[in-house]
Amino acid sequence: MSDSQQSHGPGKGVFNIGQRIVTTLVSMVETRVRLAIVELEEEKANLIQMLMMVGLTMLFTAFGLMSLMVLIIWAVDAQYRLMAIAITTAVLFALALIFGLWTLYKSRQSTLLHHTRKELDTDRKLLEEHRS
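Residues numbered from 1 in each chain as written. Predicted model: local features only at pLDDT ≥ 70, side-chain atom pairs only at ≥ 80, totals over all residues. Heavy atoms only, no water.

What to know about the overall build of the protein chain
Scanning the protein chain for helices and strands turns up three helices and zero strands. Listed N to C, the secondary structure of the protein chain is α-α-α in terms of helices and strands. Buried residues in the protein chain amount to 15% of all 132 residues. Pairs at least 24 apart in sequence give 85% of the contacts found in the protein chain among residues at least 6 apart. Put simply, the protein chain shows about 10700 Å² of open surface, and 69% of that area lies on carbon and sulfur atoms. (Helix = DSSP H or I, 4+ residues; strand = E, 2+ residues; numbered from the N terminus. Buried < 20%, exposed > 50% of the residue type's maximum accessible area, 1.4 Å probe, protein only. Contact = heavy atoms within 4.5 Å. Areas by Shrake-Rupley, 256 points an atom, 1.4 Å probe, with all protein chains shown as cover.)

As structure tokens, this is what we get:
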């Protein structure tokens, strides 16, 4: 019984060092996993936003083409016919172009797990410095 309560000895120091190393490693892994989860949630939100923008782009393009067809067929006064077709088609195609460029910009801006990779690189550099 007195052996299990003994707090010194050559093995006790090694055990304490090993326990601190394991605790530190578990803490580091937990931090990195939490960071990865946060970044994945951000990427999910970006992906949903991009899908919505692609949907709007396709919707405006489709309505632009349908309006073009309807306005060509639909009879208006001869003097206003061309202007009505041009304005409606130009507005809808401009909206489709704006949303398309915005979607392209957002897709190139996205980086998957950027901060997690940066922190892991920092950890690797620190470990390499301690080895030297």
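Side note on the packing of aromatic side chains
Summed over all chains, the structure comprises two aromatic pairs. Judged by centre distance (5.6 Å) and plane angle (25 degrees), the ring pair of Phe60 and Phe99 falls under stacked. In this pair, Phe60 is assigned in helix H1 (residues 10-73) and Phe99 in helix H2 (residues 78-109), connecting sequence segments 39 residues apart. The class of Phe99 is buried, set by a relative accessible area of 17%. (Phe/Tyr/Trp six-rings, centres within 6.5 Å; stacked < 30°, edge-to-face > 60°.)

Brief notes about a nonpolar patch on the surface
A surface patch of nonpolar side chains, about 350 Å² in accessible area, is lined by Leu56, Leu59, Phe63 and Met66. Secondary-structure assignment places Met66 in helix H1. Looking at Met66, the relative accessible area reads 45%, which means it is partly exposed. (Patch = residues over 30% accessible without salt bridge, like charges linked within 9 Å, V, L, I, M, F, W, Y side chains within 5 Å. Salt bridge = Lys/Arg side-chain N within 4 Å of Asp/Glu carboxyl O.)

Some details on the confidence of the model for the protein chain
Mean pLDDT over the protein chain stands at 79; residues scoring 70 or higher make up 85%. Contacts from residues 1-5, a stretch scored under 50 in pLDDT, to residues over four places away or in other chains number zero contacts. (pLDDT = per-residue confidence, 0-100.)

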